[in-house]
Amino acid sequence: MDLWVPELGGKFEARNPSHKMLMSVLGGMSESERQHVQARVRAAMDAQVVTEGRHQGGRAPYGYVVVDAGPHQNPRKAAEGYRLRVLAIEEASAEVVRRIFAEYLDGRGDRAIAHGLNRDDVPARPRGGRTRTATGSLTAGRAAPCDGSWTTLDTPGTRSSAGT
């Protein structure tokens, strides 16, 4: 089967070095476009979270709960029974988040913050057997105990997540 490539003005010939070079360039451009699309989609999803309070799924961040906000804004999804879910501040744990950020801004490190929370018997949210960083991404190799104690993986806004 022949491969017709418009940029070549005809059939692709695998033994032609110029054709191989052009295919490499086109492949690189395709990869770059894929990365741009990925970045735009992530930015749009992040904007929905910030501007609409829309929850993109998964477990709510510490200090928030997922609440029902009525029918889905997409009429087709609303007709199928889908509901719009948004994040709302959970006051009980929001005070803990405020404390964590205040201590971080005062220059305390993530371990010191976690130690202080444990010392004061502040309950941590159970992790359900999975270890997560403060930014919410899965980690490998840094197992944290699921006994309700705070670890550096639990403290949002600390140095491990400051650059994200």
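Quick note: structure is the one above.
Scope of this entry: the structure provided in the associated data block.

About the criteria used
Residues numbered from 1 in each chain as written. Predicted model: local features only at pLDDT ≥ 70, side-chain atom pairs only at ≥ 80, totals over all residues. Heavy atoms only, no water. Helix = DSSP H or I, 4+ residues; strand = E, 2+ residues; numbered from the N terminus. Buried < 20%, exposed > 50% of the residue type's maximum accessible area, 1.4 Å probe, protein only. Contact = heavy atoms within 4.5 Å. Core = buried A, V, L, I, M, F, W, Y, C linked by side-chain atoms within 4.5 Å. Salt bridge = Lys/Arg side-chain N within 4 Å of Asp/Glu carboxyl O.

With that out of the way, let us pick up the side chain of E103. By secondary structure assignment, the location of E103 is in helix 3 (residues 91-105). On the basis of relative accessibility, which here comes to 12%, the residue E103 falls in the buried class. Among all residues touching E103, those that are not within four sequence positions of it are R108 and I113.

So, about the nonpolar core. By size, the foremost hydrophobic cluster in this structure holds seven residues: Y62, V96, V97, I100, I113, L117 and V122. Of all the elements in the fold, those that place two or more residues in this core are helix 3 and helix 4 (110-119). Considering every element that reaches this core, the biggest residue donor is helix 3, with three residues.

Applying the stated criterion to the full structure yields 10 salt bridges. Its salt-bridge partner being R98, residue E95 comes within 3.3 Å of it at the nearest N-O pair. Here E95 pairs with R98, and both are found in helix 3, just three residues apart, close to one helical turn. Taking the relative accessible area as the measure of exposure, E95 reaches 49% and is therefore partly exposed. Assessed through its relative accessible area of 42%, R98 is described here as partly exposed. Across the pair R99 and D120 runs a salt bridge, and its minimum N-O distance is 2.7 Å. Linking R99 in helix 3 with D120 in the segment after helix 4, this pair joins segments that are 21 residues apart in sequence. Since its relative accessible area comes to 23%, R99 is described here as partly exposed.

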